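Fold and contact review
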Amino acid sequence: MLLLLVLLSLRAWGYEAPEDKQDVFATTACPAFLTFINAAYLAGVTVELPCHCKPPQVQSVVWFFRKHLGSYEETRALSDRHGNKLLDSSQVPHSGDLSSRFSIRLFSLLIFRAGPGDSGIYICGSAHQDFFYAYDLDIQEALTISFTQRLTPESKNKRRQYSTSQPLYRVFTSYRRWTVCDRCGVPGEQVCVGLCYIRSRFLHVRYRRANQTVASCGSGAVPRAFGQSFWQSRVGAKLKVRSCQVTCPTQPPQSSKLLALLAFLGYSSASSPVQIPVFYLSHPADQVLTLGCPGARPNMAVAWDRGSKPIYRYENSAGGNLSAKPPRLIIDTGHHLVFHPAKTQDSGVYYCWLQGRRAAEIHLLVYVHMGRGQSVFSHPDFPAAVYTVLESYAAMTAVFCLLLFFRAVVRHHRGAAETHVD
């Protein structure tokens, strides 16, 4: 990681390849005619766009961005002196730090928590505006979330088509495969993502796809004359969730040397849990907090627990209609745990699962933060705190008075006994 930071600081316009290492891009020729590769994702996921080719003499790359309906004059660089450039701050979900949403690593562009506003053309090039590789990125917002108990074999990998009044195109929802069960040993959930696609013989030829007659609904290959408001509101992206339960895989037997070492240190094989990375996080109260599982990718199964209590999507979502007001704690479509907002009672230990295995342990501390110009009397929890303090003071006063009364009674009885003896 330290070497990567040093390399990033060597160049003002992005990542620079070390000269003493072999350039893997030297054997990959760039296309003579720049085409745009169609890529569609559900909103909220982390998107990685690798730059698959560049000339051997180019040791640093710059990523350019342009909206689908924008002109070529509106193409702008995404890289600044630190390899990051910030887009419109009003489009960032939950007012997150923009510098953490765009990053260039090993010539690849990473977009954290991508939203529909990030859809457009992404081009890998150089500081001299030479273009090498390009993507047609389409980020789709899920219109509905459906919860099912079981899925029939006939509905697997189903592509539901909608015929339109115009014979020029057909719009359908393409469902990806169900993820693996996100937990093992306890009841878990599986997720299936359905994205909006369009089939037509009149798609733009410059947008490269596996099937030249199919593209995602938000792709720049779709002619403007088709219109998008009608069929996107009718189809759109969808998310399906169903319950599941699988047994945990058996752990491989430990070596005799390791068992002997554990026995020498006073540990048994049963008392050596699987080590997972531990993270510590503090966050001010009454602000939106988003937790992400380290190493999670768009097609992975992700689950969350608070201590030993699982957090399920069917209990923490807006239901079948995403336009409804969501609860304070939700798991968004990008598998992030989102607090709307975070409260002091949310402090605790959280676990995230990746592909059915525990992947990280997060110790969260939510503290009360007083901003500039704010007094403690204006805090919403101030009345409850005063009531608790007064209640505690009253209880302590009552106990003190009882002790004094008991002491006086004891002294009175002792004095009466001494008088009786005399």
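Below, the structure is looked at part by part. All of these numbers come straight from a predicted model, not from anything done at the bench. (Residues numbered from 1 in each chain as written. Predicted model: local features only at pLDDT ≥ 70, side-chain atom pairs only at ≥ 80, totals over all residues. Heavy atoms only, no water.)

1. Some words on the nonpolar core
Formed by 27 residues in total, the largest nonpolar core has its most connected members in Val 47, Leu 49, Trp 63, Leu 109, Ile 111, Tyr 122 and Leu 137. At the level of elements, strand S1 (36-42), strand S2 (47-49), strand S3 (62-66), strand S5 (102-105), strand S6 (108-111), strand S7 (120-125) and strand S8 (131-140) are the ones that each hand at least two residues to this core. Looking at which element gives the most residues to this core, the answer is S8, with five residues. (Core = buried A, V, L, I, M, F, W, Y, C linked by side-chain atoms within 4.5 Å. Buried < 20%, exposed > 50% of the residue type's maximum accessible area, 1.4 Å probe, protein only. Helix = DSSP H or I, 4+ residues; strand = E, 2+ residues; numbered from the N terminus.)

2. What about the environment of Ser 103?
Looking at where Ser 103 falls in the secondary structure, it is placed in strand S5. Given the relative accessible area of 13%, Ser 103 is considered buried. Spatially, the C-alpha atom of Ser 103 lies 9.1 Å from that of Leu 78, the residues being 25 residues apart in sequence.

3. Topic: the pattern of salt bridges
With the rule as written, the count across this model stands at nine salt bridges. With a closest N to O distance of 3.5 Å, Arg 313 and Glu 189 form a salt bridge. In this pair, Arg 313 is assigned in the loop between strand S19 (309-311) and strand S20 (329-331) and Glu 189 in strand S12 (residues 188-200), connecting sequence segments 124 residues apart. When sorted by exposure, Arg 313 lands in the same class as Glu 189, which is buried. Salt bridges here are not isolated pairs; linked through shared partners, they connect Asp 182, Arg 183, Glu 189, Asp 305, Arg 313 and Arg 358. (Salt bridge = Lys/Arg side-chain N within 4 Å of Asp/Glu carboxyl O.)

4. Brief notes about the sheet that holds strand S4 (residues 76-77)
Ordered in space as S4-S3-S7-S8-S1-S13, the six strands form an open sheet in which the pairing is mixed. The open sheet terminates on both sides in strands that have one partner only, identified here as S4 and strand S13 (207-208). The pairing of S3 with S4 spans two bridges and is classified as antiparallel. Residue pairing across strands places Phe 64 opposite Ala 77, the latter belonging to S4. (Pairing = 2+ DSSP bridges.)

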